Amino acid sequence: MKASIEQTELFKAMGRVQSIVEKRTTIPILSNVLIEARDDQLFLRTTDLDIEVLDKVKAVVEIPGALTVGANTFHEIVRKLPDGALIQLTGNAGSNQLEISASRSRFFLSTLPKEDFPVMASEDYENEFVAAAKVIKRLFDKSKFAMSSEETRYYLNGVYFHPYEEGGSHFLRAVATDGHRLAQIDVDPPEGMKLFSGVIVPKKTVSELRMVLETGSDDITISVSNNKIRFSNHNLTLTSKVVDGTFPDYKRVIPVNNKKKMKVNAADFSEAVDRVSTVSSDKSRAVKLSLSSGKLHLSVNSPENGKAEDELLVDYSDEPLEIGFNARYLQELTSQVDSERVEFSFQSSGDPALMQDMDDTGAIYVVMPMRV
Amino acid sequence: MIKEPAICKECGRTFLKQSRCPKCHSPRILFHRELFSLNIAHVDCDAFYASIEKSQNAELINKPVIVGGGRRGIVTTCCYIARISGVKSAMPIYVAKKLCPKAVIIPPRMNFYREISRLIFSKMTKLTPLVETVALDEAYLDLSGTLQLHGKTPVELLIKLATEIESELNLTISVGLGENLFLAKLASSINKPKAFTIIGKHEKLNFINNLPVTCIPGVGPSLTKKLKQDSIEKFEHLIQLDLNTLEKKYGSYGKRLWHLARGKDNRTVKPNNFRKSISKEITFDHDLSKENDLEKALWILSESVSEELKTKGIVGKTVTIKLKQPNFQLSSLSHTHFNPIYMAEDLYQISRALLIKKLSSSPFRLMGLSVSKLLVDDRRGKLENSLDTIHVKKQKTELAMDKIRSKFGKNSINKGRSF
């Protein structure tokens, strides 16, 4: 293999693909990046066996070939070479080495054969459609905060990505919950999307998705099968296994009869919650909301630290209500909102509350109360 | 000479020392110069598990009884008849069988013993709120102030406690009374069973002088060896050394030894000795290595830890599994859950994830499960609010099982994984 490539391009691409490489792995080749030089391009591929990333960059290929080399070291070397330098990559099959040279710097890295690299099996994707990057970004960015990290509830360790139909309207929907709060985000179905059975996109994939969404073109091709999901733009392809489990029936827990509605300025509300929760202990982060006509009283009572109170003017005209929440949950919830005002709706102190962005009907959030 | 105060151990009558009780004529008299002025008691049930078994089955009364078992089990408790043949607790069963071939060996029924223990402790807490639990069959009591509260001195209350336990539960206890925890514990261990021993302030030094240092709680084989090397075998050797020397040689424990040698102990009875963890373990009859077998054992442990959490109204955050390999190498692994848990299903799911990480080092001879970072939160019968409908369903199943079990017995319903 012999190829030359511009430093900036290679550094950017390596930065993307090396992010999924596990720092500690018992299988040595998983620390490596598979480099293939052909068709005037360099294909860079990394995997952790659950996710695979393939990036391609323009290069001048003199002798096509492929090899694998330690992703971290390679990335570091490329980073430290002068900006804009022309990097020459020469693979030596005989000595199992990759020579990296740019101006007067030369590096020799040991390689592992490309045949040993576990390339993810290709899949029959039953559904493939194209969506704008910002649409996909919205679905995952606004729901991911609610994913669970508890290993035992593996079926909640991701975002449930599925088509949904209600009263003749179709949506593409993302739902995440950890049992305490839930986010449900809808977007209009992208053109060409057929119905497919929903998949749970794993937590790590959701956070790595950013690299596909933030680079390259505006359009993302999404391919879904029962076992895998693939996101690609014209440079980058991220393929991921999906969580093997059934997502709970979330529709049953979304309140439909919450009549007591409170409209509040999201930023004011979040700041007030933050202020009063300063005195709460680590164990219980409970904040009590006491609602009466036009007024919201927030209070925290911590046996160890003391008390805190605050008050906000709100739009509320129902009968008085007292309800407790985890302060952190409330803050995370309100930070999802882009517009100025949000609407909370309640039923009683023991029932889940609903929150909606007043300018965005496609996003709803549910939060469980706690005893105060 | 002034006659010492005395009390009848049968009827509780107090009088000035004479050979028999003036009321019931019993010769079981307890007399002591400081009879009414000592407040700290140590109560220890005699051969607790074995005595309970005897109290339940009249045929066992004159037979040597050993509670313990399993294929490679050890003696948990043995009755005093078995002790004559040299049987001791913590001895392997096969050794005990050799020493005392006629012994009746009974597998322990811990839940039943726990019930009896609860009855005994409820009697003790009626006397004073200051009861410190040491074990199911052992406690310290601080009875200062009982004269104002009950109009009776500590010794009178303790005699009443002993006679009540004997008449109602057919069990005997040994009581030690002293000015502090150390002396009370020491006193109760003398003259067992069915003893009542007092170590007064005036006699404490004479009393402990001749005792071996192994009497000190906390002095185990390795410290005994170290002390022996420094030619300290009895308290009389210990008392000759000054505080500095002891501290230099044995660190902070040296300071404690210096105090104990003088009959001093500044510990107080700590009630509500809130437990830091709730744990159960199983030693397998055969070493287990199959995932299925280990999971079954883990489910049994999860259910029994959960049962205790539920009855006590406690929840916990950290789940730890403990595994012992056939070469006795012990390893443990734990996981801290974001929210406190108590249900068997949750304990099982978390501990199973831990077990799977350790499967490669199987087989195992012992498995333990414990829950720590405990909080008091009585959630019995309450459904946890959750948006996770799958988990809510699992909770409902467990609540229903608990309900059925409380009505029809523990084995009336089980999950498939326990078979």
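Quick notes on the rules
Residues numbered from 1 in each chain as written. Chains lettered and ligands numbered in written order. Predicted model: local features only at pLDDT ≥ 70, side-chain atom pairs only at ≥ 80, totals over all residues. Heavy atoms only, no water. Helix = DSSP H or I, 4+ residues; strand = E, 2+ residues; numbered from the N terminus. Buried < 20%, exposed > 50% of the residue type's maximum accessible area, 1.4 Å probe, protein only. Contact = heavy atoms within 4.5 Å. Areas by Shrake-Rupley, 256 points an atom, 1.4 Å probe, with all protein chains shown as cover. Core = buried A, V, L, I, M, F, W, Y, C linked by side-chain atoms within 4.5 Å. Phe/Tyr/Trp six-rings, centres within 6.5 Å; stacked < 30°, edge-to-face > 60°. Lys NZ or Arg CZ within 6 Å of the ring centre and 35° of its normal. Buried area = accessible area lost by both parts, 1.4 Å probe. Salt bridge = Lys/Arg side-chain N within 4 Å of Asp/Glu carboxyl O. Nonpolar A, V, L, I, M, F, W, Y, C, P; charged D, E, K, R; others polar. Axes fitted to C-alpha atoms, helices over the stretch in contact; angles between N-to-C directions. Parallel < 35°, antiparallel > 145°, perpendicular 65-115°, else oblique. Left-handed = near helix turned anticlockwise from the far one by under 90°. Disulfide = S-S within 2.5 Å. Pairing = 2+ DSSP bridges. Arc of directions from axis to C-beta. pLDDT = per-residue confidence, 0-100.

Enquirer: Any chance you could explain the overall build of chain B here in plain terms?
Expert: Helices and strands together make up the secondary structure of chain B, namely 15 helices and 15 strands. When burial is assessed residue by residue, chain B has 46% of its 419 residues classed as buried. Restricting the contact set of chain B to residue pairs at least 6 apart, pairs at least 24 apart contribute 61%. Total accessible area computed for chain B in this model is approximately 21,400 Å², and 53% of it derives from carbon and sulfur atoms.

Enquirer: Sorry if this is basic, but what is going on with the overall build of chain A here?
Expert: When you go through chain A residue by residue, the secondary structure sums to 7 helices and 25 strands. For chain A, with 372 residues in total, the buried portion stands at 54%. Considering only contacts within chain A whose residues lie at least 6 apart along the sequence, 66% involve residues at least 24 apart.

Enquirer: How should I be thinking about the nonpolar core in this particular structure?
Expert: Inside soluble globular proteins, nonpolar side chains tend to come together where they are buried. Residues Phe74, Phe161 and Phe269 of chain A are the most contacted members of the largest nonpolar core, which totals 100 residues. Setting aside residues no more than four positions away along its own chain, Phe74 of chain A makes contact with Leu10, Met14, Val33, Ile35, Val69, Leu89, Leu98, Ile100 and Leu109 of chain A. Core analysis: the next-biggest nonpolar cluster, separate from the first, contains 51 residues, Leu35, Phe48, Val87 and Leu169 of chain B among them.

Enquirer: What is the right way to look at the packing of aromatic side chains in this model?
Expert: For any two aromatic rings, the description comes down to two numbers: the centre-to-centre distance and the angle of the planes. Residues and elements named next belong to chain A. Within this structure, the stated rule accounts for 16 aromatic pairs over all chains. A connected cluster of aromatic rings, assembled from ring pairs, spans Phe129, Phe140, Phe161, Phe196 and Phe231. Residue placement shows Lys251 over the ring face of Tyr250; its charged tip is 4.8 Å from the ring centre.

Enquirer: Explain the interface of chain A and chain B to me, please; I cannot follow it from the model alone.
Expert: How big an interface is tends to be reported as the loss of accessible area on association of its parts. With 26 residues of chain A in contact, the opposing surface of chain B contributes 19 residues. Its largest share of buried area at the contact with chain B, chain A owes to Glu150, Thr152 and Arg153 of chain A, together 27% of the area lost on that side. Applying the counting rule to chain A against chain B returns 1 salt bridge. Among the salt bridges present, the one from Asp388 of chain B reaches Arg153 of chain A, with a minimum N-O distance of 3.4 Å. Secondary structure elements with two or more residues in the side of chain A that touches chain B: strand 13 (181-187) and helix 7 (327-334) of chain A. Among the residues forming the side of chain A that touches chain B, the class breakdown is 11 nonpolar, 6 polar and 9 charged.

Enquirer: What am I meant to see in unusual backbone geometry here?
Expert: Most peptide bonds adopt trans geometry, and most residues besides glycine take a negative phi value. Residue and element names in this part refer to chain B. Between Lys192 and Pro193 the backbone carries a cis peptide bond, its omega angle lying at -5°. One can find Pro193 in the loop between helix 7 (181-189) and strand 11 (196-198). The peptide bond linking Ser362 to Pro363 adopts the cis configuration, its omega dihedral lying at 5°. Turning to its location among the elements, Pro363 is positioned in the loop between helix 14 (344-358) and strand 15 (364-376). In this structure, Asn191 is a non-glycine residue whose phi angle is positive, near 65°. Considering the arrangement of structural elements, one finds Asn191 in the loop between helix 7 and strand 11. On the basis of relative accessible area, Asn191 is assigned to the exposed category, the value being 55%. We note that Lys194 has phi near 50°; this positive angle belongs to a residue other than glycine. Following the sequence through the fold, Lys194 ends up in the loop between helix 7 and strand 11.

Enquirer: In this structure, what is going on with the pattern of salt bridges? I would like to understand it.
Expert: Oppositely charged side chains can pair when the atoms bearing their charge come close. Counted according to the given criterion, the structure contains 47 salt bridges over all chains. The shortest N-O distance in the salt bridge between Glu345 of chain B and Arg417 of chain B comes to 3.2 Å. Of the two residues, Glu345 of chain B is situated in helix 14 and Arg417 of chain B in the segment after helix 15 (389-408); the sequence distance between them amounts to 72 residues. For Glu345 of chain B, a relative accessible area of 3% translates into the label buried. Here the salt bridges share partners, and the residues they tie into one network are Asp178, Arg181, Arg328 and Glu332 of chain A.

Enquirer: Before we go on, may I ask you to explain the packing of helix 14 of chain B against helix 15 of chain B in this structure?
Expert: Axes are the key here: two packed helices are described by the angle between their axes and the distance separating the axes. Residue and element names in this part refer to chain B. Interaxial distance between helix 14 and helix 15 falls to 9 Å at its minimum, and their mutual angle equals 125°. Viewed along their axes, helix 14 and helix 15 adopt a mutual orientation that is oblique. Packed against helix 14, whose contacting residues are Ala344, Glu345, Asp346 and Gln349, the element helix 15 presents His391, Lys394 and Glu398 at the interface. When the residues that make up the contact of helix 14 with helix 15 are grouped by side-chain class, the tally is 1 nonpolar, 2 polar and 4 charged.

Enquirer: Help me out: how do you make sense of the packing of helix 1 (residues 7-17) of chain A against helix 2 (residues 71-80) of chain A in this one?
Expert: Residues and elements named next belong to chain A. Contact geometry for helix 1 and helix 2: axes closest at 9 Å, N-to-C directions at 145°. Here helix 1 and helix 2 pass one another in a crossing that is left-handed. Within the contact between the two elements, helix 1 uses Gln7, Leu10, Phe11, Met14 and Gly15 and helix 2 uses Ala71, Phe74, His75, Val78 and Arg79.

Enquirer: Would you explain the state of the cysteines in this entry?
Expert: Each disulfide consists of one covalent bond between the sulfur atoms belonging to two cysteines. Applying the stated criterion across every chain, the model contains 0 disulfides over all chains. Here Cys11 of chain B is not disulfide-linked; the sulfur of Cys21 of chain B is the nearest cysteine sulfur, at 3.6 Å.

Enquirer: Explain the side chain of Thr318 of chain B to me, please; I cannot follow it from the model alone.
Expert: In this structure, Thr318 of chain B sits in strand 13 (residues 314-324). For Thr318 of chain B, the residues in contact, after removing those within four places along its chain, are Ser334, His335, Thr336, Ser370, Val371, Ser372 and Lys373 of chain B.

Enquirer: Is there a simple way to think about the sheet that holds strand 5 (residues 65-68) of chain B in this case?
Expert: All names here are of chain B. Pairing is mixed in the open sheet, where 3 strands are placed in the order 6-5-7. The sheet is open, and its two edges are formed by strand 6 (75-78) and strand 7 (104-106), each paired on a single side. Mean inter-strand twist for the sheet, computed between neighbouring axes without regard to direction, equals 30°.

Enquirer: Explanation requested: the side chain of Lys260 of chain A in the structure shown.
Expert: Looking at the secondary structure, you find Lys260 of chain A in strand 18 (residues 260-265). The residues touching Lys260 of chain A, leaving out its near neighbours within four places in the chain, are Tyr316, Asp318, Glu319, Leu321, Phe344, Ser345, Phe346 and Gln347 of chain A.

Enquirer: Could you clarify how one ought to interpret the sheet that holds strand 15 of chain B in this entry?
Expert: The strands making up a sheet associate through hydrogen bonds between their backbones, and the pairing can be parallel or antiparallel. Residue and element names in this part refer to chain B. With antiparallel pairing, the 4 strands of this open sheet are ordered in space as 12-15-13-14. Because the sheet does not close on itself, it has two edges, and the strands there are strand 12 (277-288) and strand 14 (330-341). Taken over all neighbouring pairs, the strand axes of this sheet differ in orientation by 15° on average, direction set aside. Its contacts with the sheet put helix 14 on strand 13, strand 14 and strand 15, and the angle it makes with strand 14 is roughly 145°.

Enquirer: In this structure, what is going on with the pairing of strand 21 (residues 306-313) of chain A? I would like to understand it.
Expert: Side-chain positions along a regular strand alternate between the two faces of the sheet. Residue and element names in this part refer to chain A. Pairing of strand 20 (residues 295-302) with strand 21 involves 8 bridges; the strand directions are antiparallel. In the sheet register, Ser299 faces strand 21, and the bridge partner there is Glu309. Between strand 20 and strand 21, which pair antiparallel in sequence order, lie 3 residues.

Enquirer: What should I look at first to understand helix 12 (residues 252-261) of chain B in this one?
Expert: Since there are 3.6 residues in each turn of an α-helix, residues three or four apart along the chain are aligned in direction. Residue and element names in this part refer to chain B. Every buried residue of helix 12 is listed here: Gly254, Leu257, Trp258, Leu260 and Ala261. On an axial view of helix 12, the arc spanned by its buried residues comes to 165°, and they lie on one face. Looking at the packing, one finds that the buried side of helix 12 touches helix 7, helix 8 (204-209), helix 9 (221-229), helix 10 (235-238) and helix 11 (243-250). Positive phi appears at Gly263, one or two residues downstream of helix 12, with a value of about 70°.

Enquirer: When you look at the environment of Asp293 of chain B in this model, what are you seeing that I'm missing?
Expert: Within the element layout of this structure, Asp293 of chain B appears in helix 13 (residues 291-312). Residues Asp293 of chain B and Phe419 of chain B lie 126 residues apart in sequence; the distance between their C-alpha atoms is 9.8 Å.

Enquirer: Even after reading the chapter, I still don't get the confidence of the model for chain B, so can you show me in this structure?
Expert: A low pLDDT means the predicted coordinates there should not be read in detail. Residues and elements named next belong to chain B. Here chain B averages 88 in pLDDT, while 98% of its residues score no lower than 70. Predicted confidence in chain B is weakest over helix 5 (residues 146-150), with a mean pLDDT of 80, and strongest over strand 4 (residues 40-45), with 95. If you check the scores for this complex, the pTM reads 0.66 and the ipTM reads 0.80.

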